[in-house]
Amino acid sequence: MAEKILEVKNLCTTFRTERGTMRAVDGVSFHINKGEILGVVGESGCGKSVTSQSILRLYDEKRTASYEGDILLEGKSVLSLKEKEMQAIRGYDIAMIFQDALSSLNPVFTIGDQIMETLRIHQNMDKEKAREETIEMLRLVGIPAPDKRVDQYPHELSGGMRQRAMIAIALACHPKVLIADEPTTALDVTIQAQIMELIKKLNEELDMGVMLITHDLAVVAETCSRVVVMYLGQIVEEGDVMDLFDNPLHPYTNGLMRSIPKLDGERQDRLYMIKGMVPLLSQIPKGCRFAPRCPYATDKCRKEMPELKTIEGNQKVRCFRVQEEV
Amino acid sequence: MEEKVLVANDVKKYFPIKQGIGKPDNYVKAVDGVSISIRKGETYGLVGESGCGKSTLGRTLIKLLEPTSGEIFINGKNIAELSEKEMRKMRKEVQMVFQDPFTSLNPRMKVGDILQEALLINHIGADKTERTEMALEIMAKVGLRKEHFYRYPHEFSGGQRQRVGLARALILNPSLVVCDEPVSALDVSIQSQIINLLLDMQEELGLTYIFIAHDMSVVKYISTRIGVMYLGHLMEEGPTDDLFSMPLHPYTQALLSAVPNPNPRIRKERIALEGDIPAPIDPPSGCVFHTRCPYAMPICKTMAPKKREVMPEHFVSCHLTDSDIENKAEIK
């Protein structure tokens, strides 16, 4: 039995804004096993990034955000920790890499300084040892001539190298969980392939759990073992990669897969379209959230909210139509 | 003989780098000798990674940027020889749709005014009522509702803004539309709506597109012919199906192999490219790709390869011999 390293239980993240409270994440539950890569897919505004940042509790809890539900790291609750204890977890047990490496790195420090900072804070290393370890990390993530690069500033590196440097910072303390929030979205395909290859390799070598957040289904198909599909703050479908891609059950997942042009095979006359667009958080529809865009929606869908239910094996889906068919 | 909407011969665009006053110290060679011709009614896909010069080429072709050298003919007229007045008339014929629907629309103008301004400048339409009617007509075509006429761009989502951008381009009834990454900023479900809209408009209005993008699957879907760019050079050009089924240039092969496939059962062999794209200020000698090419030979370092036709309509700029290329394409 695979060991659950991180478990999110019924997480709700609510923001207080001038225009009222917005629930960006609404009852999300999933887990990450040791050594696996879990893909979280969805379009902008589906709450995938809010979920990941809630795991690290990065929002301002005093003023705007509040969390409900529970987040368990190796069985211990993260949400009940004090800020100081939380600080010890961030970057040490759970690390994160972001989409835009240039704006996530500090422009006035060398990348070496920024990697050493994590080592010195979390592991109390002395300067010399931290520097050695840093060069070792840079080598691990595939940066050529690491003993020179260690003294360079972020602007001196290319986009792909910056993303590698960011991965080095995240992995410096050998975290148990790595959250990668759209790590390759800003990169070219050839560089994207390099970075995804690196994440896969490091995942195997360091045996951590990886949560890969992306909007690109193709990236998920190639790297992940399990997938969670989100829509408007909820999980609509969950399952093993093979099952989910062979047989997408939820109309949203199905629509997403059919609306991307295929690289191989025959060219369709027109692409499949999901009608309409993602509604605003302040205008969440009653009943099933996908109902206004769903080709199969019935009156029941517009009135009641379906639950996320297991259909077969590991595959769960939030849809009345699919659940009734089974 | 097919009608050519646009013909470009050996177009170059260098951006000077200056430190202080006087002669430029150096040049960024964004586009370095590209020749293409676009036929009426086709969609020409221009692909390549960031910094390869595809956007600069797109803009230079329609004289949004002045070419450093080379000739460009639009509908048979050499645009370098046109006066400003004549060029302005010509601009009606060639329109552009931009990548970022957030910054390419004036935030202080209502959608209706954005559309009518294009008419006003070009003296189309007798009076305001007629122009309003024309604007409403094009809005209906691109799937915008009447009430959107009085709205500001910020009230729209990304997909709808892109519809406004397309309406603004199409209202002048152009023959050629340059689409610079029109769907890259959009979500998957919206992306397919806009791609279908582009195809519908092409069918209805008989448009010719130059479609610039970095997403290979989108380009494959929409284009009839494709040109692959690297560091300001056109490396390969061919009909879409040929180019995808038998990519000839080592760069095209590597680029295609890097594209992830949305089918977890297919595991592709990746051709890994070493390192990053060199800076266009000081491009490598000879073939610009030789620093990263897995098959680089001594001649690649010294001599730039010439464009040659390997199969009908399928051009490649590479020193590898035909048999070499075919072998490699087959192995792939």
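As a reminder, the structure under discussion sits directly above these lines.
Figured I'd write up the structure that's included with this text. In this text, all values refer to a predicted model and were calculated from it rather than measured experimentally.

This next bit is on unusual backbone geometry. With a phi close to 50°, Asn124 of chain A is a non-glycine residue in the positive phi region. Tracing the chain through its elements places Asn124 of chain A in the loop between α4 (111–123) and α5 (127–140).

Residues and elements named next belong to chain A. Strands sit in the order β2-β1-β4-β5 across an open sheet of four strands; the sheet is antiparallel. Among the strands making up the open sheet, the edge pair consists of β2 (20–33) and β5 (76–77). As judged from the eight bridges shared by strand β1 (residues 4–17) and strand β4 (residues 65–73), these two strands associate in the antiparallel manner. The residue bridging Lys9 from the neighbouring strand is Asp70, located in β4.

Residue and element names in this part refer to chain A. Taken in spatial order, the eight strands line up as β6-β7-β8-β3-β9-β10-β12-β11 in an open sheet, and their pairing is mixed. The sheet is open, and its two edges are formed by β6 (94–97) and β11 (309–312), each paired on a single side. Recorded for the sheet is a direction-independent mean angle of 20° between the axes of neighbouring strands. Where strand β9 (residues 226–231) meets strand β10 (residues 234–240), six bridges bridge the pair, whose relative direction is antiparallel. Bridged to Val229 within β10 is Glu237. Helix-sheet contacts for helix α1 (residues 48–55) involve β3 (37–41), β6, β7 (177–181), β8 (209–214) and β9, and the interaxial angle to β8 is about 150°. Along the sheet, helix α8 (residues 189–206) contacts β3, β6 and β8; its crossing angle with β8, the most-contacted strand, is approximately 160°.

The next thing to look at is the interface of chain A and chain B. Residue-level contacts link 42 residues of chain A with 42 residues of chain B. For the pair chain A and chain B, the summed buried surface comes to about 3,800 Å²; carbon and sulfur atoms form 53% of the total. Per-residue buried area on chain A facing chain B is highest for Glu222, Leu263 and Arg270 of chain A; these three make up 21% of the total on that side. For the interface between chain A and chain B, the tally reads four salt bridges. Two residues, Arg270 of chain B and Glu222 of chain A, come together in a salt bridge whose shortest N-O distance is 2.8 Å.

In the structure shown here, the tally under the stated rule is 28 salt bridges over all chains. Across the pair Arg226 of chain A and Glu36 of chain A runs a salt bridge whose closest N-O atoms are separated by 2.7 Å. Placement of the pair is Arg226 of chain A in strand β9 and Glu36 of chain A in the loop between β2 and β3, with a sequence separation of 190 residues. The buried category is assigned to Arg226 of chain A, whose relative accessible area is 9%. In this structure, Arg59 of chain B engages Asp180 of chain B in a salt bridge whose closest nitrogen and oxygen atoms are separated by 3.9 Å. With Arg59 of chain B in helix α1 (residues 54–61) and Asp180 of chain B in strand β7 (residues 176–180), this pair connects stretches of sequence that are 121 residues apart. Looking at Arg59 of chain B, the relative accessible area reads 29%, which means it is partly exposed. On the basis of relative accessible area, Asp180 of chain B is assigned to the buried category, the value being 6%. Three or more residues are tied together by salt bridges with common partners; here these are Arg23, Asp26, Glu68 and Arg289 of chain A.

Conventions and cut-offs
Here the residue numbers are simple positions, counted from 1 along each chain's written sequence. Naming scheme: in the order in which they are written, chains are lettered from A and ligands are numbered from 1. Local features in this predicted model are restricted to residues of pLDDT 70 or higher, and side-chain atom pairs are both shown and tallied only at a pLDDT of 80 or more, whereas totals for entire chains, interfaces and linings draw on every residue. Just so you know, side-chain values use all the structure's heavy atoms and leave hydrogens and water out. A run of DSSP states H or I qualifies as a helix once it reaches four residues; a run of E qualifies as a strand once it reaches two. Both are numbered from the N-terminal end. Here, any two strands with at least 2 DSSP bridges between them count as paired. Each axis is a line fitted through C-alpha atoms, and for a helix only the stretch in contact is used; angles between axes span 0 to 180 degrees, taken between their N-to-C directions. Contact between two residues is taken to exist if any of their heavy atoms lie within 4.5 Å; hydrogens are not considered. Joining two parts hides part of their accessible area as seen by a 1.4 Å probe, and the buried area is that hidden amount summed over both. We define a salt bridge as a side-chain nitrogen of Lys or Arg found within 4 Å of a carboxyl oxygen belonging to Asp or Glu. A 1.4 Å probe rolled over the protein chains alone gives each residue an accessible area, and that area as a share of the maximum for its type sets the label: buried under 20%, exposed over 50%, partly exposed in between.

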